[in-house]
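Descriptive analysis of the structure
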Amino acid sequence: MRIPIVAGNWKMNTTIESAVGLVQEMKGELDKIPGIEKVLCPPFVSLSTVGNLIKGTSIELGAQNMYFEMEGAYTGEISPPMLKNLCQYIIIGHSERRIFFGETNEMVNKKLKAALKIGLIPILCVGENLKEKEAGKTEAVITNQVSAAMQEIASLQKTVIAYEPLWAIGSGKAASATQANTVLNLIRNIITKLYDEQTAQSIRLQYGGSVNSNNIGEFVEMPDIDGVLVGGASLKAAEFLSIVEQTSKIKQAK
Ligand code: PEP
């Protein structure tokens, strides 16, 4: 039995003040939604404040990125030990990191190792771009990204994997539920090959890319979709609450 998980990636949005407002707006209702993990991923500067606001609730906290070294002369970077007592989750390899900040598969692998070593739960993001999709390379790209990220990792522990096709992120053009489920099923098969059947059946997989309160139902009806990673819609309290509520209801009915 996989516990559904919905995470909100606020990206480089909100100030500390508006982050407080957003949490206050949804905290009470979000806390009450049963049978599902709810993770908020605000910018670094708001982690501590948001963490204090959700203390004692069922809501969890995640960071959007971190460096792989444990400490040292890396001006501007955030280390795994800095996050360890601040949050539970860490988004790794988001496509915006890969595109705008030059994150390679090798760096993603190092970050994944660092997260597991320090005891943070990774949400590993993978996805193909439009050109790759149109060239029929989705399977090859995903297989390569997942295998490269997991190089020399003996146990995935509680790692979550999010399939986020680049063409669907922030575009308003979500993948179809069938497309998303097909790729997530492929990822389960890759995990079986790299690890074993039990790991593949217990690992939680998310879809991400233009998810909103209107299309969430189709995704979480799918057998291989255990939840979603939400960008834009996670900045609107009512939208995010509706996404989490619908996911909870649909998954509980299964
Ligand atoms: C994301 O960037 O993780 C994402 C899914 O964004 P959006 O929901 O805005 O497409």
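Just above sits the structure.
Along its length, the protein carries 11 helices and 8 strands. The dimensions of the protein, computed from C-alpha atoms along their principal axes, are 50 × 45 × 35 Å. Per-residue burial over the protein gives 54% buried out of 254 residues. Considering only intrachain contacts with a sequence separation of at least 6, the fraction spanning at least 24 residues in the protein is 73%. Where the 25 positive side-chain charges of the protein centre and where its 26 negative ones centre are 1 Å apart.

Taken together, the side chains of Ile-99, Phe-100 and Phe-101 present a nonpolar region at the surface, about 370 Å² in accessible area. Tracing the sequence through the fold places Phe-100 in helix 4 (residues 95-100). Taking the relative accessible area as the measure of exposure, Phe-100 reaches 60% and is therefore exposed.

Taken together, the neighbourhood of the ligand is formed by 15 residues, with Lys-11, His-94, Glu-164, Gly-170 and Ser-210 sitting nearest. Glu-164 places a side-chain nitrogen or oxygen 2.8 Å from an oxygen atom of the ligand. Within the backbone of Ser-210, a nitrogen or oxygen atom sits 2.7 Å from an oxygen atom of the ligand. Out of a free accessible area of 290 Å², the ligand has 95% covered by protein chains.

A separate point is the environment of Lys-55. Examined against the element boundaries, Lys-55 turns out to sit in the loop between helix 2 (44-54) and strand 3 (59-63). Each C-alpha atom of the pair Lys-55 and Glu-239 lies 22 Å from the other, and the pair is 184 residues apart in sequence. One polar contact links Lys-55 to Asn-52, side chain to side chain, over a distance of 3.1 Å.

By convention here, two paired aromatic rings are described through the distance between centres and the angle between planes. If you walk through the whole model with that rule in mind, you get 4 aromatic pairs. With centroids separated by 4.9 Å and ring planes inclined at 45 degrees, the aromatic side chains of Tyr-67 and Tyr-74 adopt a geometry described as tilted. With relative accessibility at 18%, the residue Tyr-67 sits in the buried group. Using a relative accessible area of 34% as the deciding quantity, one classes Tyr-74 as partly exposed. Chaining the aromatic ring pairs together yields one cluster made of Tyr-67, Phe-68 and Tyr-74.

As a further point, take helix 7 (residues 138-149). Taking 1.5 Å of rise per residue, 12 residues should cover 16 Å, and helix 7 covers 16 Å from first to last C-alpha, within 8% of that figure. When we look at burial in helix 7, the residues that qualify are Thr-138, Val-141, Ile-142, Gln-145, Val-146, Ala-148 and Ala-149. The elements touched by buried residues of helix 7 are helix 4, helix 5 (105-118), strand 5 (121-126), helix 6 (130-134), strand 6 (160-163) and helix 8 (177-194).

Regular strands place side chains that alternate from one sheet face to the opposite one. Within strand 5, 6 of the 6 residues are buried, leaving the element largely enclosed by the surrounding structure. One ladder, built from 4 bridges, connects strand 5 with strand 6; its direction is parallel. When the sheet's bridge partners are listed, Leu-124 is paired in strand 6 with Ile-161.

Counting residues in hydrophobic clusters, the biggest one holds 71 residues, and the most contacted among them are Leu-40, Ile-187, Ile-191 and Tyr-207. With 8 residues, the single largest contributor to this core is helix 8. Once you skip the residues sitting within four places of it in the chain, Ile-191 turns out to touch Val-146, Met-150, Leu-156, Ile-161, Asp-196, Thr-199, Ala-200 and Ile-203. Residues Cys-41, Tyr-89, Ile-121 and Leu-229 belong to the second largest nonpolar core, which totals 12 residues.

Turning our attention to the sheet that holds strand 6. With parallel pairing, 8 strands are arranged side by side around a closed barrel as 1-2-3-4-5-6-7-8. Each adjacent strand pair in this sheet contributes to an overall mean axis angle of 25 degrees, direction not counted. Examined bridge by bridge, strand 1 (residues 5-9) and strand 2 (residues 37-41) share 5 bridges and lie parallel to one another. Its bridge partner lying in strand 2, Ile-5 is registered against Glu-37. Along the sheet, helix 2 makes contact with strand 2 and strand 3, crossing strand 3 at roughly 170 degrees.

Parameters and conventions
Residues numbered from 1 in each chain as written. Predicted model: local features only at pLDDT ≥ 70, side-chain atom pairs only at ≥ 80, totals over all residues. Heavy atoms only, no water. Helix = DSSP H or I, 4+ residues; strand = E, 2+ residues; numbered from the N terminus. Buried < 20%, exposed > 50% of the residue type's maximum accessible area, 1.4 Å probe, protein only. Contact = heavy atoms within 4.5 Å. Lys, Arg positive; Asp, Glu negative; His and termini not counted. Charge placed at Lys NZ, Arg CZ, Asp CG, Glu CD. Patch = residues over 30% accessible without salt bridge, like charges linked within 9 Å, V, L, I, M, F, W, Y side chains within 5 Å. Areas by Shrake-Rupley, 256 points an atom, 1.4 Å probe, with all protein chains shown as cover. Salt bridge = Lys/Arg side-chain N within 4 Å of Asp/Glu carboxyl O. Near = heavy atom within 4 Å. Polar contact = N/O pair within 3.5 Å; in protein donor to acceptor, adjacent residues only side chain to side chain. Phe/Tyr/Trp six-rings, centres within 6.5 Å; stacked < 30°, edge-to-face > 60°. Expected span 1.5 Å × (residues − 1). Pairing = 2+ DSSP bridges. Core = buried A, V, L, I, M, F, W, Y, C linked by side-chain atoms within 4.5 Å. Axes fitted to C-alpha atoms, helices over the stretch in contact; angles between N-to-C directions.

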